[in-house]
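Next come the chains, spelled out residue by residue.
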Amino acid sequence: MSSEDRQLVENMMSDYGMDIESIPYTTPPGEEGMELSHAGGEYPNKTLIYHGYIGCTPLYPTAAILLCTLAAYCQIHRSCPQFSTQAQVKSLCFLHDVPAYDVYLEILHRMKQCHRAALNHDTLNWRMLNSCPACFYKLEDEPALEFDWLVSIDGNNSLKCWNSSIYGSNPRIDSRKACNDYWIDTCDVDRFKDEVKTRERDTNDDNWEDERIAAEGTTPAFSCINQWRNAGPETRKKMFSVFDESGIFIAACRHRSVILACDMIQSGELAKYPLAIIDKLLTIYGKNGGCAYDIGSRKLDFCLMVGAFHGHAHNHKCQLDWHPMYIPRTWHTEGEGCEHIFSSSNELARSTRHTSPFHRRQTIKEHFSFWDTDKYAALSNFIWNHYREALNTIQTLTAELAVIKAELSLTDDDLVQFLKDEREYLDRLKLPPVRDQLCIPYVEVLDELTQQCLEEINNALAQARIHVDSSYAKLQHAEGLVAHIETQLAVEQRWEIGGPEYQHFKEEASLGKYCTALDELECLIVMRLFELSKLSLSGTGYKLCQQLGKALQHRSDAIRNAINRYNTQAAALNPPHSKISWKDIADYAREEITRLNIEVRRLCTAIHDEEHHMLTVIQKLQVSDPHLGCELQHQHRSCAAINAMHCYRLNRIESLTGFSGVRGVGVHADCAADRGMFE
């Protein structure tokens, strides 16, 4: 722009009282000769927007911000959520107290609405039905799956929002509502707030636990309910009133795209939040689905399971019923997609803790939108990695399994029966009889009496008489315990070492020690994983990192010792159990291949249909609305580049040795006209 034109622009802005010094200016490439004119009947913002600026007030702006500045912040915030809106926009608008960034996002939203209307993507629930092509873009001739859809749900309390009234100040009233199709309204969530209480009145049991409390004087059920009460009734939960919103509750698909979200209002993870999410999922996707949640094993109209990570904190009987590893046709689904999302959204906590409800939802929505874009860009890579892993697992473990089956004379039916036998055993498992509880320590003190104490006495006498007193005291203590237990058991003749009764309870004692060592090892591994995840979080302080590092070092030593104790107890069993090491073992790869074959063709077909539909709409718009057509073509460039990479990866998957899926493009199953698919 020439100096004369620049002077004209400044004079025009001065006529409307705009602060020229607050407007950073750099000449856009290729626009050095841009002319700026203003018709008397037009609003100033209309003229400014055509030349790359946005005014900070609707009618009479006194400051304007370059659109490139706002676009740059939008992308920076995508890469670094900790860089808050206040840090960028407040530095530009502090003296004016104006919502320039809000206006910019509203402009983008209106543009997206125009694009969606042109593409017929503005129908009801279109985003949910098309958020992940690999999950929801069904084809006509694809084989039937055990579960049409798989999701994970979970709550997170990092994105709290303070109640400003606790500081004694009047909260700022902001009646705006963020345009957001991720969110379930609070009124829809509250429809389920009395669900648990109503069922309590009807059945006199707390159905949120899905377990009845054992009657007084009876053996309690083999359950892990007492350790998992996050989704308990509201009367059992107390939440600080200092937060208006105490967190979020979300649903994510198998490929970690965000599907739904709702606010947790002044509470923890109450039952109404998962119930509202599940109700929406069943309404849109149907009942033939699966859902992973870390607690609340409730029997609903579809399959509910626990996440693979959280599942190991449940007892063994619960895992057999609810862990995805034991549920057929869940493939390699981990059920922990929400944890991946929370690891990223936690970085928004600092910038949303004191914002208004409008800006909080706006920020979270922008983050989820960026997250879904990234997950779509990585979708073919997700399928590629899982396909290679499944093929490698089949190749590696098939030979090992054949050797084990040959050595132990087992068949495939035997392996299935083992799982049934284990479930039946745990169903019948109760506290052992009082006599059996006494027999096990009786065997142990007999061993101590006949072996350890006498050997210690002989060694002590040979080495030094100073040890005689302590060893003799141990011997007296062992004899006293033996006599006491023999009296309780009414044993007339002391059991012989190696006798049938002795040998039976000796094996029971070994099995008990083995189970204890196994539980200890599993607990230590889960604790180590938690510490590793915390150590990798950005924002973790230096001192906390040091403490976690020391804890991990001690934990590693503890795990190695636990492995040694486990191997010792495993070798003492009859027959001995195999030893373990740090080696990781994968399983259920063939089921994963079945799912991946369908996802490969779904994604390929979705890309083909989208490209065809997009080009058709652009050609029509170039005639009817050239400006919208040009903008839509510009917006489609990045998506076309991502789709090209998807096609490259899908071709690599189809060229893999062992690929068993159907190659080429399929036909989309148009199940309902109101779903707004690409046809």
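Definitions and limits used
- Every chain is numbered on its own, with residues counted from 1 as its sequence reads.
- Where totals are concerned, whole chains, interfaces and linings use all residues; where local detail is concerned, this predicted model gives features only for residues with pLDDT of at least 70, and gives and counts side-chain atom pairs only at 80 or more.
- Computation of side-chain values covers all heavy atoms of the structure but excludes hydrogens and water.
- In this description a helix means any DSSP run of H or I spanning at least four residues, a strand means any run of E spanning at least two, and both kinds are numbered starting from the N terminus.
- Residue contacts follow a heavy-atom distance rule, with two residues in contact if any of their heavy atoms lie within 4.5 Å.
- Pairing of N or O atoms within 3.5 Å defines a polar contact, subject to two protein rules: one partner must be a possible hydrogen donor and the other a possible acceptor, and residues neighboring in sequence count only if both atoms are side-chain atoms.
- Only residues whose relative accessible area exceeds 30% and that form no salt bridge enter a patch; like-charged residues are grouped when within 9 Å of one another, and nonpolar side chains (Val, Leu, Ile, Met, Phe, Trp, Tyr) when within 5 Å.
- Computed with the Shrake-Rupley method and a 1.4 Å probe, the accessible areas treat only the protein chains shown as cover for residues.
- Salt bridges, as used here, are contacts in which a Lys or Arg side-chain nitrogen is within 4 Å of a carboxyl oxygen on Asp or Glu.
- When accessible area is computed with a 1.4 Å probe and restricted to protein chains, residues below 20% of their type maximum are described as buried, those above 50% as exposed, and intermediate ones as partly exposed.
- Stacked, tilted and edge-to-face are the three classes assigned to paired rings of Phe, Tyr and Trp, where Trp is represented by its six-membered ring and a pair needs centres within 6.5 Å; plane angles under 30 degrees give stacked, over 60 edge-to-face, the rest tilted.
- Lysine and arginine charges are scored as sitting over a ring when NZ or CZ, respectively, is within 6 Å of the ring centre and within 35 degrees of the ring normal.

**Some details on the environment of Asn180**
Now for step 1: Following the sequence through the fold, Asn180 ends up in the loop between β4 (161–162) and α8 (186–189).
Now for step 2: With 185 residues separating them in the primary sequence, Asn180 and Lys365 have C-alpha atoms 6.6 Å apart.
Now for step 3: When near neighbours in sequence (up to four residues on either side) are disregarded, Asn180 contacts Arg361 and Lys365.
Now for step 4: Separated by 2.9 Å, the side chain of Asn180 and the backbone nitrogen of Tyr182 make a polar contact.

**Topic: a nonpolar patch on the surface**
Now for step 1: Where nonpolar side chains cluster on the molecular surface, the patch consists of Tyr43, Leu59 and Tyr60 and spans about 400 Å² of accessible area.
Now for step 2: Within the secondary structure, Tyr60 sits in the loop between β1 (53–55) and β2 (64–66).
Now for step 3: Here Tyr60 falls in the exposed class, since its relative accessible area comes to 63%.

**Some words on the packing of aromatic side chains**
Now for step 1: This structure, assessed with the given rule, holds nine aromatic pairs.
Now for step 2: With a centroid separation of 4.9 Å and 50° between ring planes, the pair formed by Trp162 and Phe243 is classed as tilted. Of this pair, Trp162 sits in strand β4 while Phe243 is found in strand β5 (residues 243–253), placing the two residues 81 residues apart along the sequence.
Now for step 3: We classify Trp162 as partly exposed; its relative accessible area is 25%.
Now for step 4: Look at Phe243 and you get buried, because its relative accessible area is 8%.
Now for step 5: Among the aromatic residues, ring-to-ring pairing joins Phe136, Trp149 and Tyr285 into one connected group.
Now for step 6: Here Arg127 stacks its cationic end above the ring of Tyr182, 4.1 Å away from the centre of that ring.
Now for step 7: If you follow Lys160 out to its NZ or CZ, it ends over the ring of Phe243, 5.5 Å from the centre.

**Things to note about the side chain of Lys160**
Now for step 1: Relative to the helices and strands, Lys160 resides in the loop between β3 (149–156) and β4.
Now for step 2: Note on Lys160: relative accessible area 15%, which makes it buried.
Now for step 3: Polar contacts involving the side chain of Lys160 include one to the main-chain carbonyl oxygen of Asn157, which spans 2.6 Å.
Now for step 4: In this structure Lys160 touches Phe243, Glu245, Ser246, Gly247, Thr352, Arg353 and Arg360, once residues within four positions along its chain are discounted.

**A few points about the pattern of salt bridges**
Now for step 1: As enumerated under the stated definition, the model contains 19 salt bridges in all.
Now for step 2: Residue Arg360 pairs with Asp263 through a salt bridge whose shortest N-O separation is 2.7 Å. Here the residue Arg360 occupies a position in helix α15 (residues 357–377), and Asp263 occupies one in strand β6 (residues 258–265), the gap between them amounting to 97 residues.
Now for step 3: The class for Arg360 is buried, based on a relative accessible area of 0%.
Now for step 4: On the basis of relative accessibility, which here comes to 7%, the residue Asp263 falls in the buried class.
Now for step 5: A salt bridge links Asp263 to Arg361; the nearest nitrogen and oxygen atoms lie 3.1 Å apart. You can see Asp263 sitting in strand β6 and its partner Arg361 sitting in helix α15, a full 98 residues away along the chain. For the pair Asp263 and Arg361, one class covers both residues: buried.
Now for step 6: Here the salt bridges share partners, and the residues they tie into one network are Arg254, Glu592, Arg595 and Glu599.

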